Amino acid sequence: MPAPVPPSHVARQATSARKQARTKRLAQMILLTLLLSALLPLISACGADPRVQQEKDQSLTKLTQLLKHAQDIGVPSTTLHPILTQKQNLDNSSAPWNPFNAQLVDAYYTNAAHSYDQLYLQLQGVIDTTTERTDNQAQDNLQKLQITLAQQRAKGYPTDTLQQVYTQNLEKMKSAQYPKDYLVVSDATGNAIQTLNMMPATSDKLATLKSTIDLMTAGKVDVTTLKNQYDSDQKEMAKATKPDDLKQIDKKIDTQYQQAATDFKQDIPIIAKAKVDDLETKINQLKSSGINVSNYEKLLASARDLQQKTKTLDDYKAFSKQIDNDLNAMQKDLIMAQARQLLQQFHNEVKNWGNAHMVSGAYYLNVGYMDQGIGSDLDAELANASTIADYQTALNDIQNAIFHHQMLEADYKDKTPYNQVHQTDLQLLDHYKLQKGTAVVVSMVEETLRFYRNGQLINSFYITAGRQELPALPGLWTVLSRDTNITFKSPFPKGSPYWYDDTHINYAIGYHAGGYFLHDSWWRADYGPGTQFPHVDATGNSSAGNGTHGCINMPTAQAAWVMDNSDWNTSIILY
């Protein structure tokens, strides 16, 4: 009989057995779980169609490639954002887990492939739409730029650089295919349009700066640096292609203007006084010319009062404007006084020179400038003037008459042969800017005609000009008529010492109203110096023994040559 086992020992054995059993069951469960985990994918895959998953992958690849293409050709990211969001949502999804229903898995892949395909089609539409939209925008901008260029060019703004922008981008459009190509054109032309539209504001700033420079210049202030800055600003504005370019220029101009205002302030008292003094001088000139200046003296008193209040650049601008307005109010009287003084100077010079250079103690070489010639015409022109324009025209004519007479004086001293270029001729051609085209130049102290083409002497010969009582008229004249084989009828009554029989003329070019011509005189044999005075012509014809009735006579062959080589645009200069 075995010995009895103590109760405590039996209990320990039972507990140990239970632990072993639990451990075994746990190991079995873990093993089963691992086995199921390994088998589930196999079970699931076993029922799904691999071709469906492959189609889904292919659709995804196509979409991904098209997205990259869209980005490469410049479709904006904002336009692509909705499609990218939908794609990302699809990418983050996965097939459902269901080992017992393969159809659900297949349906997922089929739907995913369809969704990717739909996004592909949507993206293709976005690419096409974006390409068309950017193309249209580029074309619209080019057209707007062309119109804006024409408008601003007509207003005098510098457009050469922006015209180049237009031309360059017009050329780019010929090879443009993608949105990025069209966007480059749109950006450049859009900037150019904005720049053109901003130019008036920048130009106004420059004009303000220029007016300040002019004010300072008039006040004898050194503006060398400021003028260089202004010139640089102008050049930079002409080169601007973007709005920011003009913004930077605007900032520079503002800084330059403020500096000019500061520099100018200290000179204002001196400059303001100089302007008032100039106003007073002009009023005194009018007074000395016999013009009533009581109203102008009131303006002067007002100007002196305003001068004391002028402290800043803005003050000076208002002050200067007031003085300029006062001077404008005086302009008509000032021009009239200047013309009167100059006309008197002209008459004095003509009289003094004529008296000092008389021929045979009886004849004037410069009679064409006296009352018998243009002297009385200038008197009448000034007497009949009533507007500023009238007085200005009279003043210009008097100045030209003085210049012609100065050329006559110089030509009288010139010993150059008659058939060679004379410096006085060239000075007259230069004075009237007649270096191009044809010009007849007649010297009345030499009694010579010289014919110039493009500033080069082509032909020359002696002529006979007007007699003392009826001189040829010095000045610059245009061709009024061109006639051949006509009859001259005397404008003087029979019995007058100037009357003549009806006379056949072969070639006649009218140079002044009232019957003044360049024409042939077949009844004469002698031409040249002295033939404008009483003499005995080689023909013995008494009608050839004096000067003309104001015309320029020449041999028939020479008159024919002048007619053949001149035209309606030929200028005629007599001095």
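Residues numbered from 1 in each chain as written. Predicted model: local features only at pLDDT ≥ 70, side-chain atom pairs only at ≥ 80, totals over all residues. Heavy atoms only, no water.

**A word on the overall build of the protein**
The criterion, for reference: Working definition: helices are DSSP H or I runs of at least four residues, strands are E runs of at least two. Numbering for both runs from the N terminus. Throughout, radius of gyration means the C-alpha value; the globule benchmark is 2.2 Å times the number of residues raised to the power 0.38. In this scheme, a residue with accessible area under 20% of its type's maximum is buried, one over 50% is exposed, and one in between is partly exposed, where area comes from a 1.4 Å probe on protein chains only. Any two residues having at least one pair of non-hydrogen atoms within 4.5 Å are treated as being in contact.
When its secondary structure is counted, the protein shows 15 helices and nine strands. What you see for the protein is a C-alpha radius of gyration of 50 Å, clearly larger than the 25 Å of a compact globule of 575 residues, by over 25%. Its C-alpha atoms give the protein principal-axis dimensions of about 200 × 70 × 40 Å. Considering the protein as a whole, with its 575 residues, one finds that 40% of them fall into the buried category. A separation of at least 24 residues holds for 69% of the contacts in the protein among residues at least 6 apart in sequence.

**Regarding the pairing of strand β6 (residues 503-512)**
Note the cut-off: At least two bridges found by DSSP between two strands is the condition for calling them paired.
Burial analysis of β6 places seven of its ten residues in the buried class, which makes it a mostly covered element. For strand β5 (residues 481-488) and β6, the ladder comprises seven bridges, and the chain directions are antiparallel. Residue R482 lies in a different strand from β6, and its bridge partner there is I509. Sheet topology note: the β6/strand β7 (residues 516-520) ladder contains four bridges and is antiparallel. Bridge pairing links G510 to F517 in β7.

**A word on the pairing of strand β9 (residues 571-574)**
Side chains S571 and I573 project from β9 onto one buried face, and the interleaved I572 and L574 project onto a second face that is buried too. The sheet contact formed by strand β1 (residues 438-443) and β9 spans four bridges and is parallel. Looking at β9, one finds that V440 is bridged to I572. Sheet topology note: the strand β4 (residues 475-478)/β9 ladder contains four bridges and is antiparallel. In the strand pairing of β9, G475 is matched with L574.

**Focus: the confidence of the model for the protein**
This is how the line gets drawn: Known as pLDDT, the predictor's confidence for each residue is given on a scale from 0 to 100.
Considering every residue of the protein, the mean pLDDT works out to 91; 91% of them sit at 70 or more. Contacts for the low-pLDDT stretch residues 1-12, under 50 throughout, to residues beyond four places or in other chains number one contact. Contacts from residues 32-46, a stretch scored under 50 in pLDDT, to residues over four places away or in other chains number seven contacts.

**Brief notes about the side chain of S59**
Here S59 shows up in helix α2 (residues 50-72). With residues near it in sequence (within four places) discarded, S59 still touches A113, Y116 and D117.

**Topic: the environment of D315**
One can find D315 in helix α11 (residues 313-356). Taking the relative accessible area as the measure of exposure, D315 reaches 30% and is therefore partly exposed. The spatial distance from the C-alpha of D315 to the C-alpha of I268 is 9.4 Å, given a sequence separation of 47 residues. Ignoring anything within four residues of it in the chain, the contact list for D315 reads K309 and T310.

**Thoughts on the pattern of salt bridges**
The cut-off we apply is this: Salt bridges are counted wherever a side-chain nitrogen of Lys or Arg sits within 4 Å of a carboxyl oxygen of Asp or Glu.
Scanning the model with the defined rule gives 19 salt bridges in all. In this structure, K174 and E171 form a salt bridge, with 3.2 Å as the shortest nitrogen-oxygen distance. With a gap of three residues between them, K174 and E171 both fall in helix α5 (residues 160-175), about one helical turn apart. The exposure class of K174 is exposed, given its relative accessible area of 65%. The salt bridge involving D425 is made with R450; its shortest N-O contact spans 2.5 Å.

**Considering the packing of α11 against helix α13 (residues 388-413)**
Here is the rule: Between N-to-C directions, angles span 0 to 180 degrees; the directions come from axes that are lines fitted to C-alpha atoms, helices contributing only their stretch in contact. Oblique is the label for any angle not covered by the other classes, which are roughly parallel (under 35 degrees), roughly antiparallel (over 145) and roughly perpendicular (65 to 115). When the near helix sits turned anticlockwise from the far one by under a right angle, the crossing is termed left-handed; a clockwise turn instead gives a right-handed crossing. Here the term charged refers only to Asp, Glu, Lys and Arg, the term nonpolar to Ala, Val, Leu, Ile, Met, Phe, Trp, Tyr, Cys and Pro, and the term polar to all other amino acids, Gly among them.
For the pair α11 and α13, the least separation of the axes is 9 Å and the interaxial angle reads 25°. With respect to α13, the element α11 is oriented roughly parallel. Between α11 and α13 the crossing geometry is left-handed. In terms of residue class, the contact of α11 with α13 is made up of 16 nonpolar, seven polar and three charged.

**Considerations on the sheet that holds strand β2 (residues 448-453)**
Overall, mixed pairing links the five strands, which are arranged β3-β2-β1-β9-β4 in an open sheet. Two strands lie at the open edges of the sheet, namely β3 (456-462) and β4, each paired on one side alone. In this sheet, adjacent strand axes meet at a mean angle of 20° when their direction is disregarded. Across the face of the sheet, helix α14 (residues 423-431) comes into contact with β1, β2 and β9 while running at roughly 50° to β2.

**Let's talk about α11**
For clarity, the threshold we go by: Every helix has an expected span of 1.5 Å times one less than the residues it contains. Note on bend: the value at a residue is the angle between axes fitted to the seven residues ending there and to the seven starting there.
Between its terminal C-alpha atoms α11 stretches only 56 Å, short of the 64 Å expected from 44 residues at 1.5 Å a residue. Along its length, α11 reaches its greatest deviation from straightness, about 55°, at Q331.

**So, the nonpolar core**
Here is the rule: Residues belong to a common nonpolar core when they are buried Ala, Val, Leu, Ile, Met, Phe, Trp, Tyr or Cys residues joined through side-chain atoms within 4.5 Å.
In this structure, F264, F346, Y511, I552, M554, I572 and L574 are the most contacted members of the largest nonpolar core, which totals 112 residues. The dominant element in this core, judged by the number of residues it contributes, is α11, at 16 residues. In contact with I552, not counting residues within four places along its chain, are V442, I463, T464, A465, A472, F517, L518, H519 and L574. Judged by nonpolar contacts, the second largest core, of 14 residues, contains L66, V75, L123 and V126.

**Considerations on the side chain of H404**
Operational definition: Between N or O atoms, a polar contact is any pair within 3.5 Å; within protein, one atom must be a potential hydrogen donor and the other a potential acceptor, and residues adjacent in sequence are included only when both atoms are from side chains.
Tracing the sequence through the fold places H404 in helix α13. For H404, a relative accessible area of 1% translates into the label buried. At 2.8 Å, the side chain of H404 forms a polar contact with the side chain of Y432. With residues up to four places along the chain from it excluded, the contact list for H404 reads Y369, L428, Y432, P474, G475, L476, I573, L574 and Y575.

**What to know about unusual backbone geometry**
Outside of glycine, negative phi angles account for most residues, and trans bonds account for most peptide bonds. In the Ramachandran plot, S360 falls in the positive-phi region, its phi being about 55° despite a non-glycine side chain. Note on placement: S360 falls in the loop between α11 and α12 (374-384). Classification of S360 by relative accessible area gives exposed; the value is 68%.

**Focus on the packing of helix α6 (residues 179-218) against helix α8 (residues 243-265)**
Packed helices, taken two at a time, are described by their axes: the angle between them and the distance between them. Closest axis-to-axis distance for the α6/α8 pair is 9 Å, and the angle between their directions is 10°. Put simply, α6 runs roughly parallel to α8. The element α6 and its partner α8 pack so that their crossing is left-handed. The residue inventory of the contact of α6 with α8, partitioned by class, reads 13 nonpolar, seven polar and four charged.

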